[in-house]
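# Structural features, examined
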Amino acid sequence: MKGTPMPETIVHPFDPVYDADSEILILGSLPSVKSRQTQFYYGHPQNRFWKVLAAIFQEPVPATVEEKRRFLLRHHIALWDVISQCVIEGSSDASIRDVVPADLDVVMHHSKISRILCNGQTALKYYRKYQEKQTGIKALGLPSTSPANAAWSLERLTDSWQQAVLPMDAGADTKKEVQ
């Protein structure tokens, strides 16, 4: 029988994903235990992050780390977390303490970020506390894709995220092509 995970200090184990053409920055809180094991973002098989983005862009769900990187960059999405280091029990956002915020400057100064989206309320809370003033960009908080957010179905998550991820005029472009 597993007991409650012991609190441990976690230092963010991998780099942000971005390039000079990245326009949207999606921020999580900190990689989960499973993500730290797989050495990439949203590595838990029950996390719906990759399924949501694949549905938005009407593409297959990327499987490998390299496919995920290419997917993000192809859609001008940067991916990072708001926390660089903290004390946490397992993957429980509620247990986070002693936060050292991530330095978003490297992404912000080497890309075209104009929108910041936070995956869940924990990411939004720490972004507002530590990074919003520095970036000067108000973030939009989106419902978490975590399996812990069972109240949100995949369809409902996709609808909510699509409104934030796709440009406002994307629908207009589609309509023009159809006519």
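One numbering rule holds for all chains: residues counted from 1, following each sequence as written. For a predicted model such as this one, the threshold for reporting local features is a pLDDT of at least 70, and the threshold for listing and counting side-chain atom pairs is 80 or more; totals across whole chains, interfaces and linings nevertheless cover every residue. Each side-chain value is derived from all of the structure's non-hydrogen atoms; neither hydrogens nor water enter the calculation.

## Comments concerning the sheet that holds strand 7 (residues 139-142)
Pairing between sheet strands relies on hydrogen bonds along the backbone, with the strands arranged either parallel or antiparallel. In short, DSSP must find at least two bridges between two strands for them to pair. Helix and strand labels come from DSSP, where a helix needs a run of H or I of at least four residues and a strand needs a run of E of at least two; each type is numbered from the N terminus. Within the open sheet, the 4 strands sit side by side as 3-2-6-7. Their pairing is parallel. At either margin of the open sheet sits one strand with a lone partner, and together these are strand 3 (77-81) and strand 7. Strand-to-strand twist across the sheet, computed as the mean angle between neighbouring axes with direction ignored, equals 25°. Strand contacts of helix 5 (residues 121-135): strand 2 (24-28), strand 6 (115-119) and strand 7, with the helix running at about 160° to strand 6, the strand carrying the most contacts. Comment: axis = line fitted to C-alpha atoms, over the contacting stretch for helices; angle = value between 0 and 180 degrees taken between N-to-C directions. What makes two residues a contact is simply this: any of their non-hydrogen atoms within 4.5 Å.

## Things to note about the packing of aromatic side chains
Planes of paired rings set the category: under 30 degrees apart is stacked, over 60 is edge-to-face and the rest tilted, where pairs are Phe, Tyr or Trp rings (Trp by its six-membered ring) whose centres lie within 6.5 Å. Tallied over the full model, the rule gives 9 aromatic pairs. The interplanar angle of 90° and the centroid separation of 4.8 Å between the aromatic rings of Phe 14 and Tyr 41 together place this pair among those described as edge-to-face. Residue Phe 14 is found in the loop between strand 1 (7-11) and strand 2, and its partner Tyr 41 is found in the loop between helix 1 (33-38) and helix 2 (49-56); the two are separated by 27 residues along the sequence. Overall, Phe 14 belongs to the buried group, its relative accessible area being 10%. Ring centres of Tyr 126 and Tyr 130 lie 6.2 Å apart, and the angle between their planes is 10°; on these two criteria the pair is classed as stacked. Residue Tyr 126 and its partner Tyr 130 are located together in helix 5, separated by 4 residues, close to a single helical turn. To sort residues, take the accessible area from a 1.4 Å probe on protein chains only and compare it with the maximum for the residue type: under 20% means buried, over 50% means exposed, and anything in between is partly exposed.

## Let's talk about the environment of Asn 149
Tracing the sequence through the fold places Asn 149 in the loop between strand 7 and helix 6 (154-165). A relative accessible area of 18% means that Asn 149 is categorised as buried. In this structure the C-alpha to C-alpha distance between Asn 149 and Asn 47, which are 102 residues apart in sequence, comes to 9.4 Å. In contact with Asn 149, other than residues within four places in its own chain, are Arg 48, Pro 143, Ser 144 and Leu 157. N or O atoms within 3.5 Å of each other form a polar contact, as long as, within protein, one can give a hydrogen and the other can take it, and as long as residues adjacent in sequence are counted only when both atoms are side-chain atoms. A distance of 2.8 Å separates a polar side-chain atom of Asn 149 from the backbone oxygen of Ser 144.

## Remarks on helix 6
By this rule, a helix spans an expected 1.5 Å times one less than how many residues it contains. The end-to-end C-alpha distance of helix 6 is 16 Å, a good match for the 16 Å that 12 residues give at a rise of 1.5 Å each. For helix 6, the full list of buried residues reads Leu 157, Thr 158, Trp 161, Ala 164 and Val 165. Axial view of helix 6: buried residues confined to an arc of 130°, hence all on one face. In helix 6, those exposed residues whose orientation departs by more than 90 degrees from the buried face are Glu 155 and Gln 163. Buried positions along helix 6 lie against strand 2, helix 2, strand 3, strand 6 and strand 7. Taking the helix axis as origin, the arc is that swept by the directions to the C-beta atoms.

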